[in-house]
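Single-letter residue listing:
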Amino acid sequence: MLTKPLITIAKNGVGAFVFSCRKIEFNYCERSGSSRGMIEYLQNHLIPFAKENPQLEVVVTPRPSKHPLITGTYLNRKQKQVCVRNKKPDAIAEIVKLIRDNTGVTAKKRFKKPVISTTESIRGIWSPFHTRPHSI
């Protein structure tokens, strides 16, 4: 007899694909020259992007006297922020796709030492007996 009921574990990609990104926030300044590309992107490209991605929450907020910023919030509660000052709308569209497709997991260092060797150093282990004696 089984003591636990059999439960299938859902995995991403089996049955349906779930994006890791939950929310994309666009911050811009209405008067700043560095926000020209962002304002043009918001006017021309944002509504089609939001219609193509109904699973994302899209938030647009003004941020006076600051550079434009795009923030992505992920399922694991991590955030990725990208400053898009002086960028053209096509470059901003690529950054938005990058934020949408990202998983939110930070890259970890894979190796402690880049070279694995049997000896720690070419010269060997240092010892005070290898140097000339000091005279006082």
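Residues numbered from 1 in each chain as written. Predicted model: local features only at pLDDT ≥ 70, side-chain atom pairs only at ≥ 80, totals over all residues. Heavy atoms only, no water.

Under an unreviewed UniProt entry, the name given to the chain is Large ribosomal subunit protein mL43, and the source organism is Funneliformis mosseae. What UniProt states about the chain under its Subcellular location (unreviewed entry) heading is, verbatim, "Mitochondrion". Looking at the chain in UniProt, the text filed under Sequence similarities (unreviewed entry) is "Belongs to the mitochondrion-specific ribosomal protein mL43 family." (UniProt positions renumbered as here; feature names shortened; annotations may be inferred.)

Moving on, we get to the pattern of salt bridges. In total, this model carries one salt bridge according to the counting rule given. The residue aspartate 101 makes a salt bridge to arginine 100 at a minimum N-O spacing of 2.9 Å. Looking at aspartate 101, the relative accessible area reads 45%, which means it is partly exposed. (Salt bridge = Lys/Arg side-chain N within 4 Å of Asp/Glu carboxyl O. Buried < 20%, exposed > 50% of the residue type's maximum accessible area, 1.4 Å probe, protein only.)

Read from one edge of the open sheet, four strands run S2-S1-S3-S4, paired in mixed fashion. Two strands in the sheet have a free side with no partner beyond their single neighbour: strand S2 (57–62) and strand S4 (79–83). Strand-to-strand, the axes of this sheet are offset by a mean angle of 15°, without reference to chain direction. Relative to strand S3 (residues 69–74), strand S1 (residues 21–28) is paired through six bridges, and the arrangement is antiparallel. By the bridge assignment for S3, cysteine 21 is matched with tyrosine 74. Each of S1, S2 and S3 touches helix H1 (residues 36–44); the most contacted strand, S1, lies at about 125° to it. (Pairing = 2+ DSSP bridges. Helix = DSSP H or I, 4+ residues; strand = E, 2+ residues; numbered from the N terminus. Axes fitted to C-alpha atoms, helices over the stretch in contact; angles between N-to-C directions. Contact = heavy atoms within 4.5 Å.)

Core analysis: the biggest nonpolar cluster contains 19 residues, and Ile24, Phe26, Met38, Tyr41, Ile70 and Val96 have the highest contact counts within it. Elements that contribute at least two residues to this core include exactly S1, H1, helix H2 (46–52), S3 and helix H3 (89–101). Looking at this core, the element that brings in the most residues is H3, giving five residues. Excluding residues that lie within four positions of it along the chain, isoleucine 24 makes contacts with Phe49, Leu56, Glu57, Val58, Val59, Ile70, Thr71, Val96, Ile99 and Arg100. (Core = buried A, V, L, I, M, F, W, Y, C linked by side-chain atoms within 4.5 Å.)

Mapped onto the elements, serine 34 comes out in the loop between S1 and H1. Residue serine 34 is classed as buried on the basis of its relative accessible area of 8%. Excluding its chain neighbours within four sequence positions, the residues that come into contact with serine 34 are His67, Pro68, Val84, Arg85 and Asn86.

Positioned with a positive phi, serine 65 is a non-glycine residue whose angle comes to about 60°. Positive phi values are uncommon outside glycine, yet asparagine 86 reaches one of about 60°. Take asparagine 86: it is sitting in the loop between S4 and H3. Judged by its relative accessible area of 58%, asparagine 86 falls in the exposed class.

Here we take up H1. Every buried residue of H1 is listed here: Gly37, Met38, Tyr41 and Leu42. Within H1, the buried residues cover an arc of 135° as seen down the axis, which keeps them to one side. Opposite the buried face of H1, at more than 90 degrees from it, the exposed residues are Arg36 and Gln43. For H1, the secondary structure elements touched by its buried residues are S1, H2, S2, S3 and H3. (Arc of directions from axis to C-beta.)

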